[in-house]
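Residues per chain, in single letters:
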Amino acid sequence: MASCAFSSSAPAPAGVKTIVPPPLPHPRHPTRLTSSLPCDELSALGQDDGDEAVPVPDNILSTPRMVRNAVYSFVNPEDQSKNAFLLGWNKEFAKELGVDTNKIERSQWSEQELDHLVKLLTGGGRKIPAPQQDENDADKGPREAQPWAHCYGGHQFGYYAGQLGDGRAISLYETVNPATGQSWELQLKGAGKTPYSRFADGYAVLRSSIREYLCAEAIAALDVASSRSLAILSTETMVAREDGGEPGSIVCRVAPSWIRFGSFEIFFYRKDRINLRRLAEYVCDEVYNLPRDDPQEMAAFTEQFRKVELEKARKAASDEPKHVSAAVEGEAEGAPVTTREPKALYRNRFAKMFEQVAYKTAIMVSGWQAIGFCHGVMNTDNMSILGLTIDFGPYAFLDKYDPLFICNHSDTEGRYSFQQQPGICLWNLGRLALTLENLIGAQERVDDLDWLRQQESDTEKEETLKEGAKDIVVEILNKSFRDVFLKDYRRRMNEKIGLGGADQVKDADLTEIVVPALAWMDDYEVDYHQFFRDLADYKVEGADTVDENGAQIEALVKKLLPTPVHLARGSVAVEEIKNWLVPYHTRLVQSLELKDDQTRRTRMNKVNPAFVLRNWVAQKVIERATESVMKTREESTEEDPDKDLLDRVLWMCQHPFGEEDSSQAEETTTTADGTCEIKRNDAGLEVYGEYVGPVPEWGQGIQCSCSS
């Protein structure tokens, strides 16, 4: 295994132009992941290990194959830099990533910097900025990247699929933002074949790249943990897909870690306990920064509890009669039920790691349910160990509220439908727990490696480990997933519906107000997001009861219901929403803070987006961007009014709350028909307008497939 992630570039000979690095942050040196975990034997041959290094051709490194005993493989992106160009640059995230403040804007780059950035992100260059070093360090030149692809397995639609891995994503390098201390791993999706490509080509099409580029930022802006997007590029590659050739693209996506549940599963199903533990240690130490277990604390636990348990077991055995009846066992009808004393359970660092994963996953999926996001492919290889939303494929935001909505038309059974998402997260956590059960079940003796090996080599003793893990895992899933999910979902929904923050949540709010509101939306095909935006305009000042708001309620229902539904069932809908409004109205007028209409409206519109990245919006961006790319490649002189649409929609994804982002919008105009308010942001881009209006008929209920 190579011990470093970058090698120094040789100094430029006299008279040769110095290479200017691209406008990207400094890399971490050595790379944390590749210097800590094993790579596969073939790709390790070509690394800088002194005289033993053996150059391995790129086409060999990227050959699909079974990879064993490895967390990753070194592999270089395919060179797709010829005639490639930058389609989009996310300057807002570039700041968060740690890009030099003098290089945030594209206008601040030299032509050489832009050229090197495009080449690096499309596989045509290897030079990256020099690592952060001491002033006395003479080697300040650019480094040569040594990219890698992750190896992992995973359950796909409920069945274990064996080796999967990064089939078209290649990690370029790691960096740390010195201002925040946050580490990041830059990854290129669509960068070409890797050892994990199987029968695929390793490319990504423009369609799927745009969807990921935009959605990662939309999710993050709605306060849900997500990977992030830095850049999107157009390549000359024409990619073969079901409907013919499509223009190729590469998206540079970023996350603190790309380790997944499936990263553990591949070692578990291969019975590779050594590397499973190495990976678990790495996640504890480097990803979650958990402290090592204290030997003295573990010894004290053993002294306090284990000896007592042993004495109780011996006493129980000596007191037991020779012939135990069913009644004594508590199994016969009418027999008294025996009570078990709670076991003493020690949560070692691996249990604490699993607890953190469960907690973060609960927060993530509660966010999905609150913002109306359907992921579409919640396989365990798409589940982040950090509880991040990753791998944006056939996702969708809800249009009309439908708990049974399936966004992926390949999901014929509805396994990953909207309402199933929390349960699927729980199921996936169970698969992760299975890989960790021996480490968790070893409890305070987890660092007694000889003892642990003995337990694992004996079937009966290993079952004892599993039993010990079961009690801990069940408790974690109950408290760190179920309870956390419900608490966070209640908080989010109370904020959305105007009932205040976490300190104002009441137990009955979910069952008496939130759930009935969702049921009403479902019954009358109401747009999920528009319901909350329009409800923010509901006024209670001067109206002590719902009956005093009759005209207002009728207007609200007419605005929310689709025209055919309103014509057919509008009067019934009014009566039903009046019944719902009774407890809601009462909750508002009982609180001086909630009763203030303007304050409540402002708060609701800070959490309920005016702009939503609906599938029809993404589709329109894809169509216009594809046309723009083709015009650029054909060197067309025809005017392209939608050339900036990608940048405009990215800005709206990052500022989705409309009027609450008015500080970012400098000019407001209205369309000729008066239906759409258009604003210009600080960069002069037209935003909002038609993209915050009703869903067009052609754009309702769009589904996507996994193909991209």
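Residues numbered from 1 in each chain as written. Predicted model: local features only at pLDDT ≥ 70, side-chain atom pairs only at ≥ 80, totals over all residues. Heavy atoms only, no water.

1. Describing the overall build of the protein chain
- Counting its regular elements, the protein chain contains 22 helices and 18 strands.
- Classification of the 708 residues of the protein chain by burial places 53% in the buried group.
- By sequence separation, contacts in the protein chain at least 24 residues apart represent 73% of the contacts at least 6 residues apart. (Helix = DSSP H or I, 4+ residues; strand = E, 2+ residues; numbered from the N terminus. Buried < 20%, exposed > 50% of the residue type's maximum accessible area, 1.4 Å probe, protein only. Contact = heavy atoms within 4.5 Å.)

2. Concerning the pairing of strand E13 (residues 244-255)
- Here E13 lies mainly inside the structure; 10 of its 12 residues are buried.
- When strand E10 (residues 183-189) meets E13, the two strands line up antiparallel, connected through 5 bridges. Bridge pairing in E13 links Lys 189 to Val 251.
- Looking at chain direction, strand E11 (residues 204-205) and E13 are connected through 2 bridges and run antiparallel. Across the sheet, residue Ala 204 finds its bridge partner in E13, namely Ser 249.
- Sheet analysis places strand E12 (residues 228-241) next to E13, joined by 10 bridges and oriented antiparallel. For Ala 231, the partnering residue across the bridge sits in E13 and is Cys 252.
- Where E12 folds back on E13, the antiparallel hairpin that results is connected by 2 residues. (Pairing = 2+ DSSP bridges.)

3. Considerations on the nonpolar core
- Formed by 183 residues in total, the largest nonpolar core has its most connected members in Leu 230, Phe 264, Trp 520, Tyr 584 and Leu 613.
- Setting aside residues no more than four positions away along its own chain, Phe 264 makes contact with Ile 259, Leu 276, Leu 279, Ala 280, Val 283, Met 353, Ile 385, Leu 432, Thr 435 and Leu 436. (Core = buried A, V, L, I, M, F, W, Y, C linked by side-chain atoms within 4.5 Å.)

4. A short note on the environment of Arg 533
- Mapped onto the secondary structure, Arg 533 falls in helix H16 (residues 528-535).
- Expressed as a C-alpha distance, the spacing of Arg 533 and Ile 497, which sit 36 residues apart in the sequence, is 9.1 Å.

5. A closer look at the packing of helix H15 (residues 507-523) against helix H18 (residues 563-589)
- The geometry of H15 relative to H18 is characterised by a closest axis approach of 10 Å and an angle of 160° between their N-to-C directions. Between H15 and H18, the angle falls in the class roughly antiparallel. When you trace H15 past H18, the crossing you get is left-handed. Here Asp 509, Glu 512, Ile 513, Pro 516, Ala 517, Trp 520 and Asp 523 of H15 come into contact with H18, specifically with Arg 569, Ala 573, Glu 576, Ile 577, Trp 580, Pro 583, Tyr 584 and Arg 587.
- In terms of residue class, the contact of H15 with H18 is built from 9 nonpolar, no polar and 6 charged. (Axes fitted to C-alpha atoms, helices over the stretch in contact; angles between N-to-C directions. Parallel < 35°, antiparallel > 145°, perpendicular 65-115°, else oblique. Left-handed = near helix turned anticlockwise from the far one by under 90°. Nonpolar A, V, L, I, M, F, W, Y, C, P; charged D, E, K, R; others polar.)

6. Quick word on the pattern of salt bridges
- Counted according to the given criterion, the structure contains 46 salt bridges.
- The closest approach of N and O atoms between Asp 391 and Arg 253, which form a salt bridge, is 3.1 Å. Here Asp 391, found in the loop between strand E14 (373-374) and strand E15 (396-397), pairs with Arg 253, found in strand E13; they are 138 residues apart in sequence, far enough to count as distant. Arg 253 shares its class with Asp 391; the two are buried.
- For Arg 587, the salt bridge identified is with Asp 509, shortest N-O distance 2.9 Å. (Salt bridge = Lys/Arg side-chain N within 4 Å of Asp/Glu carboxyl O.)

7. Observations concerning the pairing of strand E9 (residues 169-176)
- The buried fraction of E9 is high, at 7 of 8 residues.
- Sheet analysis places E9 next to E10, joined by 7 bridges and oriented antiparallel. Bridge pairing links Ile 170 to Leu 188 in E10.

8. Points about the environment of Arg 198
- Its location among the elements puts Arg 198 in the loop between E10 and E11.
- On a C-alpha basis, the gap between Arg 198 and Gly 165 in space is 9.4 Å, while along the polypeptide they are 33 residues apart.
- Contact partners of Arg 198, with chain neighbours within four places excluded, come to Pro 64, Gln 163 and Leu 164.

9. A look at the packing of aromatic side chains
- For the coordinates displayed, the defined rule picks out 26 aromatic pairs.
- With 5.3 Å between their ring centres and 85° between their planes, Tyr 72 and Phe 74 make a pair best called edge-to-face.
- Between Phe 268 and Tyr 269 the ring centres are 5.0 Å apart and the planes differ by 85°, which places this aromatic pair in the edge-to-face class.
- In textbook terms, an aromatic cluster arises when at least three aromatic residues are bridged by ring pairs, as seen for Tyr 401, Phe 418, Trp 520, Tyr 524, Tyr 528, Phe 531, Phe 532, Tyr 538, Trp 580 and Tyr 584.
- The residue whose ring lies beneath Arg 211 is Tyr 395, and the NZ or CZ to ring-centre distance is 4.1 Å. (Phe/Tyr/Trp six-rings, centres within 6.5 Å; stacked < 30°, edge-to-face > 60°. Lys NZ or Arg CZ within 6 Å of the ring centre and 35° of its normal.)

10. Digging into the side chain of Ser 43
- Relative to the assigned elements, Ser 43 resides in helix H2 (residues 41-45).
- Residue class for Ser 43 comes out buried when judged on its relative accessible area of 0%.
- A polar contact is formed between the side chain of Ser 43 and the side chain of Asp 40, at a distance of 2.6 Å.
- Dropping the residues within four chain positions of it, Ser 43 is found in contact with Leu 61, Arg 65, Ser 73 and Phe 74. (Polar contact = N/O pair within 3.5 Å; in protein donor to acceptor, adjacent residues only side chain to side chain.)

11. Looking at the state of the cysteines
- What the rule picks out here adds up to 0 disulfides.
- Cysteine Cys 215 remains unbridged, with the sulfur of Cys 653 as its closest cysteine sulfur at 7.6 Å. (Disulfide = S-S within 2.5 Å.)

12. A look at unusual backbone geometry
- The amide bond that connects His 29 to the next residue, Pro 30, takes the cis arrangement and shows omega of -5°.
- Looking at the secondary structure, you find Pro 30 in the loop between strand E1 (6-8) and helix H1 (32-36).
- Although it is not a glycine, Lys 271 sits at a positive phi angle of roughly 55°.
- Note on placement: Lys 271 falls in the loop between helix H7 (261-269) and helix H8 (273-287).
- With a phi close to 55°, Glu 525 is a non-glycine residue in the positive phi region.
- The residue Glu 525 is located in the loop between H15 and H16 in this model.

13. A word on the side chain of Asn 438
- Tracing the sequence through the fold places Asn 438 in helix H12 (residues 421-441).
- A relative accessible area of 10% means that Asn 438 is categorised as buried.
- A distance of 2.8 Å separates polar atoms of two side chains, one belonging to Asn 438 and the other to Glu 462.
- Not counting the four nearest positions on each side in its chain, Asn 438 is found in contact with Arg 273, Leu 452, Glu 456, Glu 462, Leu 465 and Lys 466.

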